[in-house]
Amino acid sequence: MTGNSLITPELYCERIAGSFPGDLGIEVTSIEDDRVEARMAVDKRHLHPGGYVHGGVWVAFADTVAAWGTFRNLPAGHDFTTIELKTNVFAPATTGDLLTAVGVPLHRGRRTQVWEVRCESNGRNGAFFVCTQMVVAPPEA
């Protein structure tokens, strides 16, 4: 499967305006066939009442990274949906912290892709995420 070089950080910025990842402030900084990098500055909207990054925010951050890697590797006309995900959070993060993530494909097949995303919080191991994406073929004409 060849990557789609039209899927770029610039396209990501255009497409996320007004969407959930855009509202969270997730910024994809690099998209290649075999690697996606992103960052997100933590502020109050990312926190649970105890003052640390909400688990759902870690998941949304990592899933966004995996999604853009999947987009980059889809055959023409295909789409995808997440069918399974697993996240482990190893370190708390709070307001002012910078989360970074690197996603790499573990499997890119005709019907599924599996992506691993490792997140850091200020250089510390923050979270580990793995998801399976179902590749959806275009509707038959």
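Here we summarise the structure given alongside this text. Worth saying up front: this structure is predicted, and the values here are computed from it rather than measured.

Bringing the pattern of salt bridges into the picture now. Within this structure, the stated rule accounts for 6 salt bridges. For R72, the salt bridge is made with D33, and the minimal N-O distance between the two is 2.8 Å. Of the two residues, R72 is situated in helix 3 (residues 55-72) and D33 in the loop between strand 1 (27-32) and strand 2 (35-41); the sequence distance between them amounts to 39 residues. A relative accessible area of 27% means that D33 is categorised as partly exposed. Notably, a salt bridge pairs E116 with R118, separated by 3.1 Å at the nearest N-O pair. The buried category is assigned to E116, whose relative accessible area is 16%. With relative accessibility at 47%, the residue R118 sits in the partly exposed group.

Before going further, it helps to examine the sheet that holds strand 2. The strand order 1-2-4-5-6-3 describes an open sheet built from 6 strands, whose pairing is antiparallel. The sheet is open, and its two borders are formed by strand 1 and strand 3 (79-89), each paired with just one other strand. If you compare each strand with its neighbour and ignore which way they point, the axes differ by 20° on average. Where strand 2 and strand 4 (residues 98-108) come together, 6 bridges link them in antiparallel fashion. The partner of V36 across the bridge, within strand 4, is G103.

The next thing to look at is the packing of aromatic side chains. Taken as a whole and judged by the stated rule, the model has 2 aromatic pairs. Ring centres 4.8 Å apart and planes at 65° place the aromatic pair W68 and F71 in the edge-to-face group. Here F71 and W68 lie together in helix 3, a separation of 3 residues that amounts to about one turn. On the basis of relative accessible area, W68 is assigned to the buried category, the value being 6%. Residue classification places F71 among the partly exposed residues on the basis of a relative accessible area of 22%. Between F71 and F80, the ring centres sit 4.9 Å apart and the planes meet at 80°, which makes this aromatic pair edge-to-face.

All right, on to the environment of V135 then. Mapped onto the elements of the fold, V135 is located in strand 6 (residues 124-136). Along the chain, V135 and R72 lie 63 residues apart, while their C-alpha atoms are 12 Å from each other. If near-sequence neighbours (up to four positions away) are discounted, V135 is found in contact with L74, P75, H78, D79, F80, G109, R110, R111, T112 and Q113.

Cut-off values and rules
- Residues numbered from 1 in each chain as written.
- Predicted model: local features only at pLDDT ≥ 70, side-chain atom pairs only at ≥ 80, totals over all residues.
- Heavy atoms only, no water.
- Salt bridge = Lys/Arg side-chain N within 4 Å of Asp/Glu carboxyl O.
- Helix = DSSP H or I, 4+ residues; strand = E, 2+ residues; numbered from the N terminus.
- Buried < 20%, exposed > 50% of the residue type's maximum accessible area, 1.4 Å probe, protein only.
- Pairing = 2+ DSSP bridges.
- Axes fitted to C-alpha atoms, helices over the stretch in contact; angles between N-to-C directions.
- Phe/Tyr/Trp six-rings, centres within 6.5 Å; stacked < 30°, edge-to-face > 60°.
- Contact = heavy atoms within 4.5 Å.

Geometric descriptors of this kind do not, in isolation, establish any biological role.
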